[in-house]
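# Remarks on the overall topology
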Amino acid sequence: MIQVTSTSALVRNLALGDKELITLVGAGGKTTLMYALAKELLSRNFKIVTTTSTKIYPPEPAQSPALILGGVECFPEIEKALNRYGHITWAAGRAAGNKLAGVSLPALSALWSSGRVDFLIVEADGSAQRPVKAPNAHEPVVPEETTLFLSVVGLSALNKPLNKEYAFRPEIISRLTGIPLNASMTMEGIARLMVHPEGGLKGCSPGMRVVIILNQVDLEPEPGVGERLAEKIKDLGKDRISKVIIHEITSKTK
């Protein structure tokens, strides 16, 4: 299935249940998407924790009403803050470059199994603010309890040269897709990247639902390109991908 969605319709179009552990990977707006999804879930009176297993920038007040730093010892504080705000962001501590350090997989597992949260949303890799990326050997860091695996790419990458200005780890992207370095990133190449087990699907286990999100639709190089890319992705990944969503709202690429 292919859908075009707005930020206010994410919950419906992702067909979310009442409890989900959602992992976001890729590039082209993961962080903004994470907080937009949390905001919509909060409007439905769910309890949501946004977090990372790697690193993220601290949230703005409009993105998250509270930030809690620490490990499993913070669970009583997290529960209290959730009862007050409904949504909090959790990280292990401060990191270099004004970032927040990722929470360990055992700690994420412990929070999920504690029943304190309805939705745990985990950003599992970084993209250096590029619209497209390939993971390295040590990422993404995906909780095994993930129920929904969201792999994101920015449509602004289409037809741009495969280099460090537009892509994070262009050498790996070239190896996975066959696109030569500095050549144009075509629909075919990006589709291959998004369905590749070492690309957009890296870290995804068999029991997880998989949705590909094509973000930045207002930055696509020409009308209809997003739909054509979505069709290519569905054709290549039909045995693994349940849905491709074309997202209407662009954002900072993180």
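Residues numbered from 1 in each chain as written. Predicted model: local features only at pLDDT ≥ 70, side-chain atom pairs only at ≥ 80, totals over all residues. Heavy atoms only, no water.

With antiparallel pairing, the three strands of this open sheet are ordered in space as β4-β8-β7. Edge positions in the sheet fall to β4 (55–56) and β7 (93–95), since each has one partner strand and no second. Where β7 lies against strand β8 (residues 99–101), three bridges are found, and the strand directions are antiparallel. Among the inter-strand pairings, A95 is bridged to a residue of β8, identified as K99. (Pairing = 2+ DSSP bridges. Helix = DSSP H or I, 4+ residues; strand = E, 2+ residues; numbered from the N terminus.)

Time to look at the nonpolar core. In this structure, V132, M185, I190, I212, L214, L229 and I233 are the most contacted members of the largest nonpolar core, which totals 37 residues. Broken down by secondary-structure element, the contributors of at least two residues to this core are β11 (148–154), α5 (170–177), α6 (187–195), β13 (209–215), α7 (225–236) and β14 (243–247). Ranked by residues supplied to this core, first place goes to α6 with six residues. Setting aside residues up to four positions removed in sequence, V132 forms contacts with A27, V153, A157, Y166, A167, F168, I173, M185 and L193. Formed by 26 residues, the second largest nonpolar core is a distinct cluster that contains Y35, L41, L100 and L150. (Core = buried A, V, L, I, M, F, W, Y, C linked by side-chain atoms within 4.5 Å. Buried < 20%, exposed > 50% of the residue type's maximum accessible area, 1.4 Å probe, protein only. Contact = heavy atoms within 4.5 Å.)

All told, the structure shown has two aromatic pairs when counted by the stated rule. Taking the centre distance of 5.8 Å and the plane angle of 75° together, the rings of F75 and W90 count as edge-to-face. Of this pair, F75 sits in helix α3 (residues 75–85) while W90 sits in strand β6 (residues 87–91), placing them 15 residues apart in sequence. Take F75: its relative accessible area is 8%, and that puts it in the buried class. Against the face of W112 rests K19, its NZ or CZ located 5.8 Å from the ring centre. K99 extends its terminal NZ or CZ atom over the ring of Y57, reaching a point 5.1 Å from the ring centre. (Phe/Tyr/Trp six-rings, centres within 6.5 Å; stacked < 30°, edge-to-face > 60°. Lys NZ or Arg CZ within 6 Å of the ring centre and 35° of its normal.)

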